[in-house]
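Each chain is listed here by its residues.
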Amino acid sequence: MSTSARFRTVLFAASAAGMVLAAAPAGSASAGTVLSALPGAAPAVALRLAAWPSPAGQQAVGATINVSGTLDGGMKRYYGTGALGSGSQSESQPPIFKLANGAVLKNVVIGAPAADGVHCMGTCTLQNVWWEDVGEDAATFKGTSSSQTMTIDGGGAKAASDKVFQHNGPGTMVIKNFQVQNFGKLYRSCGNCSTQYKRNVVIQNVTATTPGKVLAGINTNYGDTARFSQITIVNDPSKKVVVCDKYKGVTSGEPTRIGSGADGVNCVYSSSAITYR
């Protein structure tokens, strides 16, 4: 049987068993490395992630690029200049890209200065987007609908002194097939937005390389949930990286950290979901 035929057979078997398989970038892995497990095997093995890309050219961005529909950057590096070029940690910076409801941004490298990265104004998808040096935040999820979903599929981020993904609006953020290096928090549900919501995050097949502090911070008093699977934490022998931090969120002032760890209600994961190497 050919490799492709074996791959199709295994995919069918996995689908019949109810397994969820994340797709690997084309040409990045053989069938043997793409599949996390066969029926009856350990399901916690993460799928192989893509290597950090080399940009195919670059483009300076002096004013926010508004995206509706799909923007395929062709793996070009975009970086801020002028009003987007301070490289500061200011909360009021404009983004490099602003995504309308339903927009897709894919195959993009965001270089430095990165301003406030990407703003998503409703349901949106970031596919194979890479941040070489995160500015204030890599991406911020806004909007007002509880049914909206922001999906980050593939890509990676480096050098986030504070947060990578900030969740200000309601809805669900999905972070999958992603890698992060040298970070403060991978995800944070806004702790002190003037309007607060219940927010959900799903973090799947993510590799986090230290230095790093927290994978997700959520507000349990607003009913936030964080679900984790296929997480790999690299270079953390003392297990100092916090998987899930819990806060009491506020509408003004500063939120209060009230605990951490799996509880089956707000922070949902098993010990087998986290691998250290």
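Everything below is about the structure shown above.
Residues numbered from 1 in each chain as written. Predicted model: local features only at pLDDT ≥ 70, side-chain atom pairs only at ≥ 80, totals over all residues. Heavy atoms only, no water.

Draft legend 1. Up close: the overall build of the chain. Across its full length, the chain carries two helices and 17 strands. Per-residue burial for the chain yields a buried fraction of 47% across its 277 residues. Restricting to contacts in the chain with at least 6 residues of sequence separation, those with at least 24 account for 60%. On the chain, roughly 12000 Å² of surface is accessible, and the fraction owed to carbon and sulfur atoms is 51%. (Helix = DSSP H or I, 4+ residues; strand = E, 2+ residues; numbered from the N terminus. Buried < 20%, exposed > 50% of the residue type's maximum accessible area, 1.4 Å probe, protein only. Contact = heavy atoms within 4.5 Å. Areas by Shrake-Rupley, 256 points an atom, 1.4 Å probe, with all protein chains shown as cover.)

Draft legend 2. Main features of the state of the cysteines. According to the stated counting rule, one finds three disulfides in the structure shown. With a sulfur-sulfur separation of 2.1 Å, C120 is cross-linked through a disulfide to C124. Negative torsions about the S-S bond denote left-handed disulfides, and the value of about -130 degrees found for C120 with C124 makes this one left-handed. Sulfur-sulfur distance for the disulfide between C244 and C267 comes to 2.0 Å. Linking C244 and C267, the disulfide has an S-S dihedral of approximately -70 degrees and is accordingly described as left-handed. (Disulfide = S-S within 2.5 Å.)

Draft legend 3. Quick look at the packing of aromatic side chains. On inspection of all chains with the given rule, the structure shows six aromatic pairs. Ring geometry for W131 versus F165: centroids 5.7 Å apart, planes at 80 degrees, classification edge-to-face. One end of the pair, W131, is in strand β7 (residues 124-131); the other, F165, is in strand β10 (residues 156-167), and 34 residues separate them in sequence. The pair W131 / F165 is uniform in exposure class, with both members buried. (Phe/Tyr/Trp six-rings, centres within 6.5 Å; stacked < 30°, edge-to-face > 60°.)

Draft legend 4. Highlighting the pairing of strand β9 (residues 149-153). In the sheet, β7 pairs with β9 via four bridges, with the strands oriented parallel. Residue C124 lies in a different strand from β9, and its bridge partner there is M150. (Pairing = 2+ DSSP bridges.)

Draft legend 5. Highlighting unusual backbone geometry. With an omega dihedral of 0 degrees, the bond running from A112 to P113 counts as a cis peptide bond. Within the secondary structure, P113 sits in the loop between β5 (103-110) and β6 (118-120). For the bond from T210 to P211, the omega torsion is 10 degrees, close enough to zero to count as cis. Note that P211 resides in strand β12 (residues 199-219). Within the chain, A115 stands out as a residue other than glycine whose phi angle is a positive 50 degrees. Within the secondary structure, A115 sits in the loop between β5 and β6. A115 gets classed as buried once you look at its relative accessible area, which sits at 1%. Positive phi, close to 65 degrees, is recorded for N235, a residue that is not glycine.

Draft legend 6. Geometry of the pattern of salt bridges. Under the criterion given, the structure shown has six salt bridges. Among the ionic pairs, E136 bridges to K163, the shortest N-O distance being 3.8 Å. On the criterion of sequence distance, the pair formed by E136 in the loop between β7 and β8 (139-141) and K163 in strand β10 is long-range, its members being 27 residues apart. In this structure K163 comes out as buried when scored by relative accessible area, which is 9%. Put simply, D245 and R257 hold a salt bridge, and the shortest N to O gap is 2.8 Å. With D245 in strand β14 (residues 242-248) and R257 in strand β15 (residues 256-260), this residue pair connects regions lying twelve residues apart in the sequence. Judged by relative accessible area, which is 4%, D245 ranks as buried. Given a relative accessible area of 44%, R257 falls into the partly exposed group. (Salt bridge = Lys/Arg side-chain N within 4 Å of Asp/Glu carboxyl O.)

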